[in-house]
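Chain by chain, the residues run as shown.
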Amino acid sequence: MRPQTLRFGDLRLTGVSRAGVETWLRVHPPGLAFDVGRGPVQLAGARYLFVTHGHLDHSLGVPYVLSQRSLHRTESTEVYCPRQVAGELEALVRAAERLEQASYDYRLTGLASGDRVPVGKDLTVEAFATDHVVPSLGFHLLRRRRHLRAEYRGLPGPEIAALRERGEEVTETAEEIALSYCGDTGPGVFDDEPRLFASRVLVVECTFLGDDLRQKGSRYKHLHLEDLAAVGDRFGDGDLVLIHLSQRHRPEELLRSAEERLPALAGRIHVLIGEEG
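Note that the structure is a prediction, hence the values are computed from the model and not measured. (Residues numbered from 1 in each chain as written. Predicted model: local features only at pLDDT ≥ 70, side-chain atom pairs only at ≥ 80, totals over all residues. Heavy atoms only, no water.)

## Examining the nonpolar core
Part 1 of the reasoning: One finds Phe34 and Phe50 to be the most contacted residues of the largest nonpolar core, which totals 27 residues.
Part 2 of the reasoning: Core analysis: the second largest hydrophobic core is formed by 25 residues, Leu196, Cys206, Leu262 and Val271 among them. (Core = buried A, V, L, I, M, F, W, Y, C linked by side-chain atoms within 4.5 Å. Buried < 20%, exposed > 50% of the residue type's maximum accessible area, 1.4 Å probe, protein only.)

See below:
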C-alpha cells in the first residue's frame, strides 16, 4: 500500500495501517515515527522511533530502518519501546547486524508509562499504558506554548510592554497534547488514560465493524467501532484518526459507519489506512 497523508494545521501525518499487515506513522514536526511496520523507506529520515509493542506488523522494520540510516551515515537513531520487550527487540537488531556484518548507530531504551523523551524544541513524547494482549504503550506528543497570562489579556500592547519593562512576568507556559497515538489497544485504555479525550489529534485503532465481529475485538484486545461509540460523549473538540482496520472492511465503510455512530464528531473523523496500488 502507498502511504497516506493527513494534515492538521502545522502537523502532518504520513503512514500506512492495516491490521495484521503493517502499521507505521511518520509525524512532522518533529519528524519522528510511531511504529515502524515492515521498514518503509519513508522512515529512513526519522531520528526517533517509538515502538508500541512487539507484534511484527508494528516492529519488524526496526532493523531495516536502522540499517538504512547507518548506510547513509545519518545521525544516531533513538529507539524506544516498552521496557518488557527491550531485550527481545535488541536481540532482533543484533541478529540483523550479524547477518549484514555491519554495525548500526543507535541506542535502544525501554520505557514505562509516564516516561518522557524530549524530541525537539518545546516538544516531548510521553508514554502511557494501553490495553493489549502483550506489553504495550501509547504515546502523547506534548507541545509547550507560551501564552499571555489571563489577567493581562485584553490590555493594549504598550501597557503589556510597560509591564515587561518593570520586570513583570506577563506570559506563562502551557502544555497541550498535540497528538495521541494508541497503537493496538482494547477499550480499557479510555478509562486508564482519560487525557486521550483532550488531545488535539487522537490516532486510535478501529479494527472491527459489525455485530458478528464484536467478540473478536474483545478476545484479541482490539477496538470495535462500538467501543468508540460507547465513549463518544467524552471526546473533546479535536480530530479523530482511525487506523488498523481489518482487511475484512473497506475504508469508506469505516468512515460511513463511524460518522453514523459518532454524529457529534462528523467532519472531524478521518481514516488513515494507506492507498491501494
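Right, picking up where we left off after that structure.
## A short note on the packing of aromatic side chains
Part 1 of the reasoning: For the structure shown, the criterion picks out 7 aromatic pairs.
Part 2 of the reasoning: Aromatic pair Phe50 and Tyr80: ring centres 4.9 Å apart, planes at 15 degrees, arrangement stacked. Separated by 30 residues along the polypeptide, Phe50 in strand S5 (residues 48-50) and Tyr80 in strand S6 (residues 77-82) bring together distant segments of the chain.
Part 3 of the reasoning: Taking relative accessible area as the criterion, Phe50 reaches 0% and is therefore assigned buried. (Phe/Tyr/Trp six-rings, centres within 6.5 Å; stacked < 30°, edge-to-face > 60°. Helix = DSSP H or I, 4+ residues; strand = E, 2+ residues; numbered from the N terminus.)

## Quick look at the packing of helix H2 (residues 62-71) against helix H3 (residues 86-100)
Part 1 of the reasoning: One can describe the packing of H2 onto H3 by two numbers: an axis separation of 9 Å at closest approach and a directional angle of 50 degrees. By the angle class used here, H2 and H3 are oblique. The handedness of the crossing between H2 and H3 comes out as right-handed. Contacts between H2 and H3 involve Val62, Pro63, Leu66 and Ser67 from the former and Leu89, Leu92, Val93, Ala96 and Glu100 from the latter.
Part 2 of the reasoning: Here the residues of the contact of H2 with H3 sort into 7 nonpolar, 1 polar and 1 charged. (Axes fitted to C-alpha atoms, helices over the stretch in contact; angles between N-to-C directions. Parallel < 35°, antiparallel > 145°, perpendicular 65-115°, else oblique. Left-handed = near helix turned anticlockwise from the far one by under 90°. Contact = heavy atoms within 4.5 Å. Nonpolar A, V, L, I, M, F, W, Y, C, P; charged D, E, K, R; others polar.)

## Some remarks on the pairing of strand S4 (residues 32-36)
Part 1 of the reasoning: Within S4, 5 of the 5 residues are buried, leaving the element largely enclosed by the surrounding structure.
Part 2 of the reasoning: One ladder, built from 4 bridges, connects strand S3 (residues 22-28) with S4; its direction is antiparallel. By the bridge assignment, Arg26 is partnered in S4 with Ala33.
Part 3 of the reasoning: Counting the residues between successive antiparallel strands, the hairpin from S3 to S4 contains 3 residues, one of them, Gly31, with a positive phi of roughly 100 degrees.
Part 4 of the reasoning: Relative to S5, S4 is paired through 2 bridges, and the arrangement is parallel. Of the residues in S5, the one forming a bridge with Phe34 is Phe50. (Pairing = 2+ DSSP bridges.)

## Side note on the pairing of S6
Part 1 of the reasoning: Counted residue by residue, S6 has 6 buried out of 6 residues, so it is predominantly covered.
Part 2 of the reasoning: Strand direction decides the pairing type here: S5 and S6, joined by 3 bridges, are parallel. Looking at the pairing, Leu49 lines up with Val79 of S6.
Part 3 of the reasoning: Pairing of S6 with strand S7 (residues 106-111), which is carried by 6 bridges, proceeds in the parallel orientation. When the sheet's bridge partners are listed, Cys81 is paired in S7 with Gly110.
Part 4 of the reasoning: The β-α-β motif built from S6, the intervening H3 and the parallel element S7 has right-handed crossover chirality. (Right-handed = clockwise from strand over helix to strand, strands pointing away.)

## Details of the sheet that holds S5
Part 1 of the reasoning: Pairing in this open sheet of 7 strands is mixed, and the strands run S1-S2-S3-S4-S5-S6-S7 from one edge to the other. The sheet is open, and its two borders are formed by strand S1 (4-8) and S7, each paired with just one other strand. Taken pair by pair, the neighbouring strands of this sheet meet at an average axis angle of 20 degrees, ignoring direction.
Part 2 of the reasoning: In this fold H2 packs onto S4, S5, S6 and S7, with an angle of close to 170 degrees to the strand it touches most, S6.

## Structural notes on the state of the cysteines
Part 1 of the reasoning: Evaluation of the coordinates by the stated rule reveals 0 disulfides.
Part 2 of the reasoning: Cys182 forms no disulfide, and the closest cysteine sulfur to it belongs to Cys206, at a distance of 12 Å. (Disulfide = S-S within 2.5 Å.)

## Here we look at a nonpolar patch on the surface
Part 1 of the reasoning: There is a patch of nonpolar side chains on the surface, built from Leu56, Leu60 and Leu92 and spanning about 240 Å² of accessible area.
Part 2 of the reasoning: Relative to the assigned elements, Leu92 resides in helix H3. (Patch = residues over 30% accessible without salt bridge, like charges linked within 9 Å, V, L, I, M, F, W, Y side chains within 5 Å. Areas by Shrake-Rupley, 256 points an atom, 1.4 Å probe, with all protein chains shown as cover. Salt bridge = Lys/Arg side-chain N within 4 Å of Asp/Glu carboxyl O.)

## Topic: H3
Part 1 of the reasoning: For H3, which comprises 15 residues, the first-to-last C-alpha distance of 21 Å matches the rise-based estimate of 21 Å (1.5 Å per residue) to within 8%.
Part 2 of the reasoning: Considered for burial, the residues of H3 that qualify are Ala86, Leu89, Val93, Ala96 and Glu97. Seen from one end, H3 has its buried residues packed into an arc of 105 degrees, which puts them on one side. Within H3, the exposed residues directed more than 90 degrees away from the buried face are Glu88, Arg98 and Leu99.
Part 3 of the reasoning: Those residues of H3 that are buried are in contact with H2, S6 and S7.
Part 4 of the reasoning: Phi turns positive one or two residues past the end of H3, at Gln101, with a value near 50 degrees. (Expected span 1.5 Å × (residues − 1). Arc of directions from axis to C-beta.)

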